[in-house]
Amino acid sequence: MTDAVASYYGKRFHGRLTASGDRFNMHKLTAAHRTLKFGTRVLVTNKSNGRSVEVTINDRGPYIKGRSIDLSKGAAKALGMLGSGVARVELKVLSRRQPVPKRPEKLTVAQAQRLMMDLF
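These numbers come from a predicted model, not from an experiment. (Residues numbered from 1 in each chain as written. Predicted model: local features only at pLDDT ≥ 70, side-chain atom pairs only at ≥ 80, totals over all residues. Heavy atoms only, no water.)

*Asks:* Please provide a residue-by-residue account of the nonpolar core, values included.
*Replies:* As a rule of thumb, nonpolar side chains are buried together in soluble globular proteins. Judged by nonpolar contacts, the single largest core of 19 residues is most densely connected at Val-44, Val-55, Ile-69 and Leu-71. Counting only elements with at least two residues in this core, the list comes to β1 (2-9), β3 (41-46), β4 (52-59), β5 (69-72), α1 (73-79) and β6 (86-95). Residues within four places of Val-55 in sequence aside, it is in contact with Leu-29, Thr-30, Ala-31, Thr-40, Arg-41, Val-42, Val-44, Leu-71 and Ala-75. (Core = buried A, V, L, I, M, F, W, Y, C linked by side-chain atoms within 4.5 Å. Buried < 20%, exposed > 50% of the residue type's maximum accessible area, 1.4 Å probe, protein only. Helix = DSSP H or I, 4+ residues; strand = E, 2+ residues; numbered from the N terminus. Contact = heavy atoms within 4.5 Å.)

See below:
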């Protein structure tokens, strides 16, 4: 388990492509992390109120110093942190499974290479 600072992103990015190639949906339980593999499931617990949510890493970020994870608005709502915008959280990696791409023909070269490396 890791102590971290979480923030969230939403409407401004809704519908845009994430680094994983998925379309960002601010209502889904997803998150951005700098180093965890796409598809990794993480349990995020708000240390101030004890509320937890399970998210899937599908993007890169956050890009603000001192923050460890950027949550979707849906995940932030589940944690009760919409008002503050940031929260001290605890992160627990649950699994590191790579999801099967929905449309493999749409993968970038880098995504295809990463998928191939993960298979071996």
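So, next bit.
*Asks:* Residue-level account of the environment of Ala-87, with values.
*Replies:* As for its position among the elements, Ala-87 is in strand β6. Overall, the relative accessible area of 9% leaves Ala-87 in the buried class. Taking the C-alpha atoms as reference points, Ala-87 and Arg-67, separated by 20 residues in sequence, lie 9.5 Å from one another.

*Asks:* Help me get a handle on the packing of aromatic side chains, residues and values and all.
*Replies:* This structure, assessed with the given rule, holds two aromatic pairs. Arranged with centres 5.6 Å apart and planes meeting at 75°, the rings of Tyr-9 and Phe-13 form a pair that is edge-to-face. The class for Tyr-9 is buried, based on a relative accessible area of 11%. For the pair Tyr-9 and Phe-24, a centre-to-centre distance of 4.5 Å together with 10° between the ring planes defines the contact as stacked. Placement of Tyr-9 in strand β1 and of Phe-24 in the loop between β1 and β2 (30-33) is noted, with a sequence separation of 15 residues between them. Three or more aromatic residues joined by ring pairs make a cluster, and in this case those are Tyr-9, Phe-13 and Phe-24. (Phe/Tyr/Trp six-rings, centres within 6.5 Å; stacked < 30°, edge-to-face > 60°.)

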